[in-house]
Amino acid sequence: MYAEPNKRELKALTKNASKDDLNKIVEKVLSRKNMSVSQKIDRLLLFDHTLHGELDRDHTVKDKKIIMARSRIIYRGIKKIDKKLGDSFLLHQDDE
């Protein structure tokens, strides 16, 4: 499997990071020529998992909304390489 996110990626995966930082790491994964589509999706889902791993019962509704907005950025990245899967993630996120 893949290594954990590096320091730069982890910094972009915090709720205090700018959306631009997250967009940059998503675009970096999408532009990788040496990764297959499934590897790129796996990497992006690892980022999403890392984001949601920060949530716990003590987080506010505002914090959860920030994390959900960050997830949407990741899901839109997935949609660029697999439209059906990306649409599915976005649709199911809206159900919550």
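None of these values were measured; they are calculated from a predicted model.

Criteria and cut-off values
Residues numbered from 1 in each chain as written. Predicted model: local features only at pLDDT ≥ 70, side-chain atom pairs only at ≥ 80, totals over all residues. Heavy atoms only, no water. Phe/Tyr/Trp six-rings, centres within 6.5 Å; stacked < 30°, edge-to-face > 60°. Helix = DSSP H or I, 4+ residues; strand = E, 2+ residues; numbered from the N terminus. Buried < 20%, exposed > 50% of the residue type's maximum accessible area, 1.4 Å probe, protein only. pLDDT = per-residue confidence, 0-100. Contact = heavy atoms within 4.5 Å. Salt bridge = Lys/Arg side-chain N within 4 Å of Asp/Glu carboxyl O.

Side note on the packing of aromatic side chains
Counted by the stated rule, this structure contains 1 aromatic pair. Ring centres of Y75 and F89 lie 5.0 Å apart, and the angle between their planes is 15 degrees; this geometry places the pair in the stacked category. A residue pair is termed long-range when its members are at least 10 positions apart, and Y75 in helix α4 (residues 61-81) and F89 in helix α5 (residues 83-94) qualify at 14 residues. Of the residues examined, Y75 reaches a relative accessible area of 9% and is grouped as buried.

Looking at the confidence of the model for the protein chain
When pLDDT is averaged along the protein chain, the result is 89, and 95% of the positions lie at 70 or above. Element-level pLDDT for the protein chain is lowest in helix α1 (residues 7-12), with a mean of 87, against a maximum mean of 94 in helix α2 (residues 19-30).

Some thoughts on the side chain of T50
In this fold, T50 is placed in helix α3 (residues 37-53). For T50, a relative accessible area of 16% translates into the label buried. For T50, the residues in contact, after removing those within four places along its chain, are P5, L10 and L13.

A few points about the pattern of salt bridges
Side chains that carry opposite charge are capable of pairing whenever their charged atoms lie near each other. Following the criterion strictly, the structure yields 4 salt bridges and no others. For the salt bridge of E9 with R43, the shortest nitrogen-to-oxygen distance reads 2.6 Å. Of the two residues, E9 is situated in helix α1 and R43 in helix α3; the sequence distance between them amounts to 34 residues. For E9, a relative accessible area of 10% corresponds to the buried category. Taking the relative accessible area as the measure of exposure, R43 reaches 11% and is therefore buried. By sharing partners, the salt bridges in this structure join K79, K83 and D87 into a single network.

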